[in-house]
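One-letter residues, chain by chain:
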Amino acid sequence: MIYDQARWTEDDERYEPLLSEKEAETVETDSPLPADLTRDELTLPGPSEPELARHYTRLSQMNYGVESGPFPLGSCTMKYNPKFTEDLAAHPAASVHPDRDPSTVQGTLAVMHGLQEQLAAIGGMDAVTLQPPAGAAGELTGILVAKRYHESRDDERSEVIVPDSAHGTNFASAAMAGYDVVSIPAAEDGRVDLEALEAALSEETAALMLTNPNTLGLFERDIERIAEMVHDVGGLLYYDGANLNALLGRARPGDMGFDVMHYNVHKTFATPHGGGGPGAGPVGVVSELAEFLPRPHVRATDGGYELYDPERSIGKVHGYLGNWLVLVKTYAYIRRLGDEGLADASAKAVLNANYLASQVEYEVPYGPFHHEFVASAGDQDAADVAKKMLDHGVHPPTTKWPETVHEALMTEPTEVESKRSLDQLAEAFNAVVGESEESLAEAPKRTAAGRIDQASAARNPRLSWQALEPEE
Ligand SMILES: *Cc1c(COP(=O)(O)O)cnc(C)c1O
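Residues numbered from 1 in each chain as written. Predicted model: local features only at pLDDT ≥ 70, side-chain atom pairs only at ≥ 80, totals over all residues. Heavy atoms only, no water.

1. Considering the overall build of the chain
Here is step 1: When you go through the chain residue by residue, the secondary structure sums to 14 helices and 14 strands.
Here is step 2: Among the 472 residues that make up the chain, the fraction classed as buried is 48%.
Here is step 3: Sequence separation of 24 or more characterises 68% of the internal contacts of the chain that already satisfy a separation of 6 or more.
Here is step 4: Approximately 23,300 Å² of the chain is accessible, and the part contributed by carbon and sulfur atoms is 49%. (Helix = DSSP H or I, 4+ residues; strand = E, 2+ residues; numbered from the N terminus. Buried < 20%, exposed > 50% of the residue type's maximum accessible area, 1.4 Å probe, protein only. Contact = heavy atoms within 4.5 Å. Areas by Shrake-Rupley, 256 points an atom, 1.4 Å probe, with all protein chains shown as cover.)

2. Side note on the site of the ligand
Here is step 1: The ligand sits among Ser75, Ala134, Gly135, Ala136, Glu139, His167, Thr169, Asp240, Ala242, Asn264, His266 and Lys267.
Here is step 2: Measuring from an oxygen atom of the ligand, one finds a side-chain N or O atom of serine 75 at 2.5 Å.
Here is step 3: Between an oxygen atom of the ligand and a main-chain N or O atom of glycine 135, the distance comes to 2.8 Å.
Here is step 4: Burial of the ligand by the protein chains amounts to 88% of its free accessible area of 380 Å².
Here is step 5: Listing elements by their share of the shell around the ligand, those giving two or more residues are α4 (135–152) and α9 (265–268).
Here is step 6: Looking at the shell around the ligand, the element that brings in the most residues is α4, giving 3 residues. (Near = heavy atom within 4 Å. Polar contact = N/O pair within 3.5 Å; in protein donor to acceptor, adjacent residues only side chain to side chain.)

3. Focus on the pairing of strand β10 (residues 297–300)
Here is step 1: Looking at chain direction, β10 and strand β11 (residues 305–308) are connected through 4 bridges and run antiparallel. Bridging from a neighbouring strand, arginine 299 pairs with glutamate 306 of β11.
Here is step 2: Connecting β10 to the next strand, β11, in antiparallel fashion are 4 residues. (Pairing = 2+ DSSP bridges.)

4. As for the environment of histidine 150
Here is step 1: By secondary structure assignment, the location of histidine 150 is in helix α4.
Here is step 2: With 84 residues separating them along the chain, histidine 150 and glycine 234 place their C-alpha atoms 9.1 Å apart.
Here is step 3: Other than its neighbours up to four places away in sequence, histidine 150 contacts Asp155, Arg157, Tyr179, Ala206, Gly234, Gly235 and Leu236.
Here is step 4: Within the structure, histidine 150 has its side chain in polar contact with the backbone oxygen of alanine 206 (distance 2.9 Å).

5. What about the packing of aromatic side chains?
Here is step 1: Throughout the structure, instances matching the rule amount to 6 aromatic pairs.
Here is step 2: The aromatic ring of tyrosine 179 is capped on one face by lysine 147, whose charged end is 5.5 Å from the ring centroid.
Here is step 3: Against the face of phenylalanine 84 rests arginine 336, its NZ or CZ located 3.8 Å from the ring centre. (Phe/Tyr/Trp six-rings, centres within 6.5 Å; stacked < 30°, edge-to-face > 60°. Lys NZ or Arg CZ within 6 Å of the ring centre and 35° of its normal.)

6. Observations regarding the nonpolar core
Here is step 1: Core analysis: the largest hydrophobic core is formed by 49 residues, its most contacted members being Leu197, Ile226 and Phe269.
Here is step 2: At the level of secondary structure, the elements contributing two or more residues to this core comprise α3 (106–123), α6 (194–200), β6 (205–210), α7 (223–232), β7 (236–240) and α10 (324–359).
Here is step 3: Counting residues per element, this core draws most heavily on α10, at 8 residues.
Here is step 4: Those residues in contact with leucine 197, other than ones at most four positions away along the chain, are Ile161, Ile184, Val192, Leu208, Ile226 and Met229.
Here is step 5: With 30 residues, the next largest nonpolar core counts Phe369, Val385, Met389 and Ala428 among its residues. (Core = buried A, V, L, I, M, F, W, Y, C linked by side-chain atoms within 4.5 Å.)

7. A closer look at the sheet that holds strand β14 (residues 408–411)
Here is step 1: Taken in spatial order, the 3 strands make up an open sheet running β12-β14-β13, and their pairing is antiparallel. The open sheet terminates on both sides in strands that have one partner only, identified here as β12 (373–376) and β13 (398–399).
Here is step 2: Where β13 lies against β14, 2 bridges are found, and the strand directions are antiparallel. Bridging across to β14, threonine 398 finds its partner in methionine 410.

8. Observations regarding the UniProt feature "domain: Aminotransferase class V" (unreviewed entry) in the chain
Here is step 1: Annotation from UniProt places "domain: Aminotransferase class V" (unreviewed entry) at residues 144–274.
Here is step 2: Span residues 144–274 is 33% helix and 18% strand, its end C-alpha atoms 26 Å apart. (UniProt positions renumbered as here; feature names shortened; annotations may be inferred.)

9. As for the environment of glycine 338
Here is step 1: Residue position: glycine 338 is located in helix α10.
Here is step 2: Taking the C-alpha atoms as reference points, glycine 338 and proline 310, 28 residues apart in sequence, are found 30 Å from one another.

10. Points about the pattern of salt bridges
Here is step 1: Applying the stated criterion across every chain, the model contains 20 salt bridges.
Here is step 2: A salt bridge links glutamate 67 to lysine 83, with the nearest nitrogen and oxygen atoms 2.5 Å apart. With glutamate 67 in the loop between α1 (49–60) and α2 (83–89) and lysine 83 in helix α2, this residue pair connects regions lying 16 residues apart in the sequence.
Here is step 3: For glutamate 67, a relative accessible area of 56% puts it in the exposed group.
Here is step 4: Looking at lysine 83, the relative accessible area reads 39%, which means it is partly exposed.
Here is step 5: Among the salt bridges present, the one from lysine 348 reaches aspartate 344, with a minimum N-O distance of 2.8 Å. Here the residue lysine 348 and the residue aspartate 344 both occupy positions in helix α10, the gap between them amounting to 4 residues, near one helical turn.
Here is step 6: In this structure, a network of salt bridges that share partners links the residues Asp4, Asp12, Arg14 and Arg446. (Salt bridge = Lys/Arg side-chain N within 4 Å of Asp/Glu carboxyl O.)

11. Topic: the UniProt feature "domain: Glycine dehydrogenase C-terminal" (unreviewed entry) in the chain
Here is step 1: The UniProt entry lists residues 345–438 under the feature "domain: Glycine dehydrogenase C-terminal" (unreviewed entry), expressed in the numbering used here.
Here is step 2: Between the C-alpha atoms that bound residues 345–438 the distance is 41 Å, and the span itself is 44% helix and 11% strand.

12. Structural notes on the sheet that holds β6
Here is step 1: Spatially, 7 strands are ordered β3-β9-β8-β7-β6-β4-β5 in an open sheet, and the strand pairing comes out mixed. Edge strands, defined here as strands with exactly one partner in the open sheet, are β3 (127–129) and β5 (180–184). Neighbour to neighbour, the strand axes of the sheet diverge by 20° on average, direction disregarded.
Here is step 2: Alignment of β7 against strand β8 (residues 260–262), held across 3 bridges, turns out to be parallel. (Axes fitted to C-alpha atoms, helices over the stretch in contact; angles between N-to-C directions.)

13. Observations concerning a nonpolar patch on the surface
Here is step 1: A contiguous nonpolar patch, built from Trp8, Leu18, Trp465 and Leu468 and spanning about 490 Å² of accessible area, is present on the exposed surface.
Here is step 2: Here leucine 18 is to be found in the segment before β1 (26–28).
Here is step 3: Its relative accessible area of 37% is what places leucine 18 among the partly exposed residues. (Patch = residues over 30% accessible without salt bridge, like charges linked within 9 Å, V, L, I, M, F, W, Y side chains within 5 Å.)

14. Focus: the domain arrangement of the chain
Here is step 1: Here the domain parsing of the chain yields domain 1 (83–336) and domain 2 (339–451).
Here is step 2: Distance between the C-alpha centres of domain 1 and domain 2: 28 Å.
Here is step 3: Each side of the interface is counted separately: domain 1 has 24 residues, and domain 2 has 22 residues.
Here is step 4: Both faces combined, the contact of domain 1 with domain 2 buries some 1,800 Å², and carbon together with sulfur accounts for 62% of it.
Here is step 5: For the pair domain 1 and domain 2, the number of links is 0 salt bridges.
Here is step 6: Here domain 1 and domain 2 share 7 residue pairs in polar contact (both at pLDDT 80 or more) between them. (Domains from an automatic or database assignment. Buried area = accessible area lost by both parts, 1.4 Å probe.)

This is the structure we're talking about:
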């Protein structure tokens, strides 16, 4: 379905006025009643309920979400957030004050402990902290845990190795933890280049950060060899869990030799991504690293649950135990799907990515894929392709990353899309294939905002209406 979004600009016929601008209606009456019993004017109440509903629906459509249509933003795993998890998070019993005595919130702690156990089982880890508030925060936490581990052995190391196709947060997390970041190129088949890795590894290597499948959607077949190589120099293997949706219920980072990992619950476990709002990025570790996890941590006692501070904890990385209501949704999703449902999700995510890759007329180097594929826009500018796809009523893929593919279109449909919506996506891709540079430059035409200055929007955001200065 394609519709024109409302506009912010008053001179546009699609302008959606503010409620305060919607004038109250006035009727003039000509009444048979005596003059002293009538009014000259009658002002009707402001917008009616249906008008209000339409106004807010129209505003909500000025953005594009997974409830508007398919949202194949690669690496981001934009899956639908099922409503039953919202209902559970909104349950009165879920609103507990974080300062309550643990003895009075045993149910809350039972859910947290249960989630720690579930995530540990899913990742093949021994202990999990739920405290970090995002994937990137999980990365920093995990790297700080690794650092504290090395320090505890009087083994100071200065480097973290990151493949050049990695997510930008990997480089940032390693640098924030105080490490020198060593970037290694990919081999010709898009996977880790073992020779480059060998050359980069040394006694200075604190950790190698890796996602598997990698950002090209390719499984690192040599992962066991890679783990051996890293461990041989005394380094740790960090798993960037953003691509866990491909492995869910089928393979576990712990079994591949990873020592520490984060989970992006908004990617893998269907909690909302939010707009930088409260999220969760739990971190799992093998038993040797458990004593360094953030404090406090939930553990089981004889008849219940308690909070305790791991012995050599890195400290706190967020208030209290993390973003509890997000964790409730994670827990509910995992419980509802169960082992079979989780394995089914990853199977369909992989099937959907490969089906869509087969339907897209853009060149798709590499493959077969796991949860996502990267096409090349060829002579076209990938960002232009994305803008044009918006006019076809779908959300575009991630563009220009990883840089190892020319004008990359990184596409991840997730398991939630039906064949019908995958075909709709393929049609949108294919409609743009032959478009001229001029036509691409004009897109998007149907969205509330046209081309925006993305760099300024990111660096100099004005986040409230009041911050808008009147234009001269
Ligand atoms: C999304 C993502 C991250 C960061 O996670 P956030 O929860 O967005 O902070 C890290 N690595 C990869 C590969 C990702 O896709």
